[in-house]
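Topology and contacts: notes
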Amino acid sequence: MIASVRGEVLEIGLDHVVLEAAGVGYRLNATPATLAGLTRGEEARLYTAMIVREDSMTLFGFADTEARELFALLQTVSGVGPRLAMAVLAVLEPEALRKALAESNIAALTRVPGIGRRGAERMVVELRDKVNLVPVQAGPPGAGPAAMVTPVRDQVVEALIGLGFPIRQAEPAVDAVLTEDPELGTSKALRAALGLLGKNR
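Residues numbered from 1 in each chain as written. Predicted model: local features only at pLDDT ≥ 70, side-chain atom pairs only at ≥ 80, totals over all residues. Heavy atoms only, no water.

**Focus: the packing of aromatic side chains**
This structure, assessed with the given rule, holds two aromatic pairs. Ring centres of F60 and F71 lie 5.0 Å apart, and the angle between their planes is 40°; this geometry places the pair in the tilted category. Of this pair, F60 sits in strand 5 (residues 56-62) while F71 sits in helix 2 (residues 65-74); the two residues are eleven residues apart in sequence, bridging distant segments of the chain. As far as burial versus exposure is concerned, F60 and F71 are alike and both buried. Both rings, one in F62 and one in F71, keep their centres 5.0 Å apart while their planes meet at 45°; by these two values the pair is tilted. For F62, a relative accessible area of 1% translates into the label buried. The buried category is assigned to F71, whose relative accessible area is 1%. By the ring-pair criterion, three or more aromatic residues cluster together here, those being F60, F62 and F71. (Phe/Tyr/Trp six-rings, centres within 6.5 Å; stacked < 30°, edge-to-face > 60°. Helix = DSSP H or I, 4+ residues; strand = E, 2+ residues; numbered from the N terminus. Buried < 20%, exposed > 50% of the residue type's maximum accessible area, 1.4 Å probe, protein only.)

**Considering the nonpolar core**
Among the nonpolar cores identified, the biggest contains 51 residues, and F71, L74, L97, L109 and L160 are the most heavily contacted of them. Of the residues forming this core, the biggest block, eight residues, is contributed by helix 3 (residues 82-91). When neighbours within four sequence positions are excluded, L74 is seen to be in contact with V80, A85, V88, L89, L97, M123 and L127. Residues V17, A21, L28 and A44 belong to the second largest nonpolar core, which totals 13 residues. (Core = buried A, V, L, I, M, F, W, Y, C linked by side-chain atoms within 4.5 Å. Contact = heavy atoms within 4.5 Å.)

**Some thoughts on the environment of T76**
Assignment of secondary structure puts T76 in the loop between helix 2 and helix 3. Remark: the alpha-carbon pair of T76 and E126, spanning 50 residues in sequence, is separated by 8.5 Å. With near-sequence residues (within four places) excluded, T76 lies in contact with E126 and L127. In terms of polar contacts, T76 uses its side chain to reach the backbone carbonyl oxygen of L73, at 2.6 Å. (Polar contact = N/O pair within 3.5 Å; in protein donor to acceptor, adjacent residues only side chain to side chain.)

**Considering the packing of helix 2 against helix 4 (residues 94-102)**
Put simply, helix 2 and helix 4 touch, their axes get as near as 10 Å, and they point 45° apart. Relative to helix 4, the element helix 2 lies oblique. Our pair here, helix 2 against helix 4, has a crossing hand that is left-handed. Two secondary-structure elements touch here, helix 2 through E66, A67, L70 and L74 and helix 4 through P94, L97 and R98. In the contact of helix 2 with helix 4, the residues fall into five nonpolar, no polar and two charged. (Axes fitted to C-alpha atoms, helices over the stretch in contact; angles between N-to-C directions. Parallel < 35°, antiparallel > 145°, perpendicular 65-115°, else oblique. Left-handed = near helix turned anticlockwise from the far one by under 90°. Nonpolar A, V, L, I, M, F, W, Y, C, P; charged D, E, K, R; others polar.)

**Topic: the pattern of salt bridges**
Inspection of the entire model under this criterion finds eight salt bridges. Sharing partners across several salt bridges, the network here consists of R153, D154, E171 and D175. (Salt bridge = Lys/Arg side-chain N within 4 Å of Asp/Glu carboxyl O.)

**Considerations on the environment of R40**
Locating R40 in the fold gives a position in the loop between helix 1 (32-36) and strand 4 (43-53). For the pair formed by R40 and V174, sequence separation is 134 residues and the distance between their alpha carbons is 25 Å. Setting aside its immediate chain neighbours within four residues, R40 contacts V9, L10 and I12. Here L10 takes part through its backbone oxygen, which lies 3.1 Å from a polar atom of the side chain of R40.

**Comments concerning the side chain of T34**
Of note, T34 is situated in helix 1. Classification of T34 by relative accessible area gives buried; the value is 11%.

**Remarks on the sheet that holds strand 3 (residues 24-29)**
Judged by pairing direction, the barrel is mixed, and its five strands sit side by side in the order 1-2-3-5-4 before closing back on the first. Each neighbouring strand pair of the sheet contributes to a mean axis angle of 55°, computed without reference to strand direction. Of the pairings in the sheet, the one linking strand 1 (residues 4-12) to strand 2 (residues 16-21) comprises four bridges and is antiparallel in character. Within strand 2, the position partnered with E8 by the bridge is E20. The strands touched by helix 2 are strand 4 and strand 5; relative to strand 4, the strand with the most contacts, the crossing angle is about 15°. Against the sheet, helix 3 touches strand 3, strand 4 and strand 5, its axis set at about 15° to strand 5. (Pairing = 2+ DSSP bridges.)

So, to be careful, I would describe these as geometric facts and stop short of saying anything about function.
This is the structure:
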């Protein structure tokens, strides 16, 4: 089990980062908030969760152990896998997630694409008490979104497709978000598009 990776940031994508540690480049899937705190060429440490499937091994990276533990906790809910757990943490950062669960805020939870009312209610019932057992930790100070070489629209659409959305849903959502605010960076655009897709479910 790989618990953390520390090394130079080689590449920052919209939904992943590549860290080089001991000569090996590790691709870690991460949320926009985590990626925003990284700078290409600088050293960083991310805490990781490794998901092993028959046909793949995937690393997920987190700025702190609190987010990693919440990622694992979310997957204890029936119907919630790694991809949906990451979508939850992309829309609701740890503090907001704790608050939503503690206050039974179904509306906040259903903003996450892929989570309907029943799923949100199940999360509240199963996690409301458990979430307080996860230690609170402060992450690194945030930075601006990483600059992308390719256009923001293409990057956000690609990330949404990577999260499981069909292109026919991803493209209109991104276009709507960027029409409303053309100056959005990739990180904020992805979060806004996720929120829009959640409302339109």
